[in-house]
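So the chains spell out like this:
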There are 2 protein chains.
Amino acid sequence: MMKFEFKAVGFIRTEHKELSGSPIQPAYAKDNTGKAEILLEYIPGLKDLEGFSHIIIIYVFDRQQQGDFKLHVVPFLDNKKRGVFATRAPKRPNRIGLSIVKVEQIKHNMIFFSGADMYDNTPILDIKPFIPDFDGNEEYKIGWLERKIDLSEKKNSDDRFR
Amino acid sequence: MMKFEFKAVGFIRTEHKELSGSPIQPAYAKDNTGKAEILLEYIPGLKDLEGFSHIIIIYVFDRQQQGDFKLHVVPFLDNKKRGVFATRAPKRPNRIGLSIVKVEQIKHNMIFFSGADMYDNTPILDIKPFIPDFDGNEEYKIGWLERKIDLSEKKNSDDRFR
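Residues numbered from 1 in each chain as written. Chains lettered and ligands numbered in written order. Predicted model: local features only at pLDDT ≥ 70, side-chain atom pairs only at ≥ 80, totals over all residues.

### Things to note about the environment of B:P132
Residues and elements named next belong to chain B.
So, step 1. Along the chain, the position of P132 falls in the segment after β9 (122-129).
So, step 2. Accessibility expressed as a C-beta count within 10 Å gives 18 for P132, which makes it partly exposed.
So, step 3. The spatial distance from the C-alpha of P132 to the C-alpha of Y119 is 26 Å, given a sequence separation of 13 residues. (Helix = DSSP H or I, 4+ residues; strand = E, 2+ residues; numbered from the N terminus. Buried ≥ 20, exposed ≤ 12 C-beta atoms within 10 Å, placed from the backbone.)

### Overview of the nonpolar core
So, step 1. Ranked by size, the top nonpolar core spans 76 residues in total, and within it A:I55, A:I57, A:I124, B:I55, B:I57 and B:I124 carry the most contacts.
So, step 2. Beyond its immediate chain neighbours, meaning those up to four positions away, A:I57 contacts A:A36, A:S99, A:V101, A:I124 and A:I127. (Core = buried A, V, L, I, M, F, W, Y, C linked by C-beta atoms within 7 Å. Contact = placed C-beta atoms within 7 Å.)

### Considerations on the interface of chain B and chain A
So, step 1. Counting residues at the interface gives 65 residues for chain B and 65 residues for chain A.
So, step 2. Going through the elements one at a time, β1 (3-7), β4 (54-60), β6 (82-83), β7 (96-107) and β9 of chain B are the ones with two or more residues in the side of chain B that touches chain A.
So, step 3. In terms of residue count, β9(B) provides more of the side of chain B that touches chain A than any other element does, six residues in total.
So, step 4. Of the residues belonging to the side of chain B that touches chain A, the class tally is 38 nonpolar, 11 polar and 16 charged.
So, step 5. In the sheet, strand β1 (residues 3-7) of chain A pairs with β1(B) via five bridges, with the strands oriented antiparallel. (Nonpolar A, V, L, I, M, F, W, Y, C, P; charged D, E, K, R; others polar. Pairing = 2+ DSSP bridges.)

### What about the confidence of the model for chain A?
So, step 1. Looking at chain A, the pLDDT average stands at 86 and 82% of residues meet or exceed 70.
So, step 2. For this predicted complex, the interface score ipTM comes out at 0.87, while the overall pTM is 0.88. (pLDDT = per-residue confidence, 0-100.)

### Some points on the sheet that holds strand β8 (residues 110-114) of chain A
Residue and element names in this part refer to chain A.
So, step 1. Strand order in the closed barrel made by the six strands is β2-β3-β8-β7-β4-β9, with antiparallel pairing throughout. Strand after strand, the sheet turns through a mean of 45° between neighbouring axes, direction not considered.
So, step 2. In this sheet, strand β7 (residues 96-107) lies alongside strand β4 (residues 54-60) in antiparallel orientation, the contact comprising seven bridges. The residue of β7 that forms the bridge with V60 is I96. (Axes fitted to C-alpha atoms, helices over the stretch in contact; angles between N-to-C directions.)

### Re the sheet that holds β7(B)
So, step 1. The six strands are arranged β2-β3-β8-β7-β4-β9 (chain B) in a closed barrel whose pairing can be described as antiparallel. The mean inter-strand angle of the sheet, taken between neighbouring strand axes irrespective of direction, is 45°.

Next up, the structure:
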């Protein structure tokens, strides 16, 4: 089995200490601000990032045990079992999370952003600029999620992935 | 130092055997088809994925040595040094890559997609559905890349990250 080791390059600071009640996605967390604190040794890597309105944060769902996953999950926006790769649920074969968030300010080793749907102290693996021309920018279909997204509703998580 | 271990859940099959000459991003690789071959044990996790037009593939830049990174890099679309977190360059503190690609067909354990900018045999860490309403869908700014993206040009990689 092929294994890969990565290390935290920083940590996310948010007000979400608990799974239950946290917003399920950045789109439902527009008013929630968070902070990505990058370890001091990586500060030079943040150069030029301030020109981008959105960044992709790749992080670890560290409240999940690695290896404790389900291939079928009932996601927050549904009541049917879906294949885990067709969802953003945290109980995945590799407990890797991804959020595309809006940058508000970058200061020293801190990226302040809105759309904070992660827990406090989440370990960050990578930061990448979001570039619509690279990242799709086409006609999309969203499968089982069609007609399930209503951003005017408040969508917080419950206990299902505890 | 906080470390995390992940394992390959599958492998990407493309025609790109070499760094030099591979397309630099899915947007420049629309005619390049690839295949994500998921390990047989994870097949149930692919359920419901066929309804999504685009998926996010998270993978390992396995031609890079983990730990062999640069905080300032000259990216393919530029001739100036940029902070690595403001680029998609592979020599990153964690050698994690991400591509948003268009699904053409899903068959058994294989996802056929267009926009294949990865090398052959790249280890896959995760597959997630791309959901525009979650993943931005807003007004974007793209910093140093402004005016550097012209999708009518052919953009292949060169040797700079070897």
